[in-house]
Amino acid sequence: MKMSRGIPLNDQDRIPWLYKLHGILLREIASGERVVLACSALKKMYRDILIRGKDGTPRKHDELGKEEEPPEVKLFVVHLSGSFEVISGRLLKRKGHFMPPKLLQSQFNTLEPPSAPENFIQISVDKELSEIITTIMEALKVQ
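What you are looking at is a predicted structure, and each value in this text was computed from that prediction instead of being measured. (Residues numbered from 1 in each chain as written. Predicted model: local features only at pLDDT ≥ 70, side-chain atom pairs only at ≥ 80, totals over all residues. Heavy atoms only, no water.)

**Here's the deal with the nonpolar core**
Next up, step 1: Of all hydrophobic cores here, the largest spans 13 residues; its most connected members are Leu-18, Tyr-46, Leu-50 and Leu-75.
Next up, step 2: Elements with a minimum of two residues in this core: helix 1 (11-30) and helix 2 (44-52).
Next up, step 3: Here Leu-18 is in contact with Tyr-46, Ile-49 and Leu-50, once residues within four sequence places are set aside. (Core = buried A, V, L, I, M, F, W, Y, C linked by side-chain atoms within 4.5 Å. Buried < 20%, exposed > 50% of the residue type's maximum accessible area, 1.4 Å probe, protein only. Helix = DSSP H or I, 4+ residues; strand = E, 2+ residues; numbered from the N terminus. Contact = heavy atoms within 4.5 Å.)

**A word on the pattern of salt bridges**
Proximity of charged atoms lets side chains of opposite charge pair with each other.
Next up, step 1: Following the criterion strictly, the structure yields nine salt bridges and no others.
Next up, step 2: Residues Asp-11 and Lys-43 are paired through a salt bridge, measuring 3.0 Å at the closest nitrogen-oxygen approach. Residue Asp-11 is located in helix 1, and its partner Lys-43 is located in the loop between helix 1 and helix 2; the two are separated by 32 residues in the primary sequence.
Next up, step 3: The class for Asp-11 is partly exposed, based on a relative accessible area of 21%.
Next up, step 4: Among the residues examined, Lys-43 registers a relative accessible area of 18% and is labelled buried.
Next up, step 5: Between Arg-27 and Glu-28 there is a salt bridge whose closest N-O contact spans 3.4 Å.
Next up, step 6: Given the relative accessible area of 26%, Glu-28 is considered partly exposed.
Next up, step 7: If you follow the salt bridges from partner to partner, you end up with Lys-44, Asp-48, Arg-52 and Glu-72 in one network. (Salt bridge = Lys/Arg side-chain N within 4 Å of Asp/Glu carboxyl O.)

**Some remarks on unusual backbone geometry**
Next up, step 1: Cis geometry is found at the peptide bond from Ala-116 to Pro-117, where omega equals 10 degrees.
Next up, step 2: Tracing the backbone shows Pro-117 in the loop between helix 4 (104-110) and strand 2 (120-124).

Here is the structure:
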């Protein structure tokens, strides 16, 4: 609702949603599914939440009292990169989307592009859609 009113989201808005997404990812992976999640995890902290869930949650202990590692999601990030001008032009052509184009600058201001040691590829949105899809599919084969 905030975004549709032209108000950018902040960490307090995003983090509970990211915790829920982490739980969904764990559930689907536990059932044997391979999952594709499309979201704007703009900060490294957000991507870490998708991998590990809530920081500081009580850790489980096995029958010998040894601390068990919390479940993690193996996350592969596809970072679609583009200039402000290109993305702004595309946003202006969208009809009926909840995010108004005037919020784009706040997204760029928040963005922390993935970097090593994160598991990611970066693909320019200037490429043809078919080339973007092929690049992603090839990268997924080695994951």
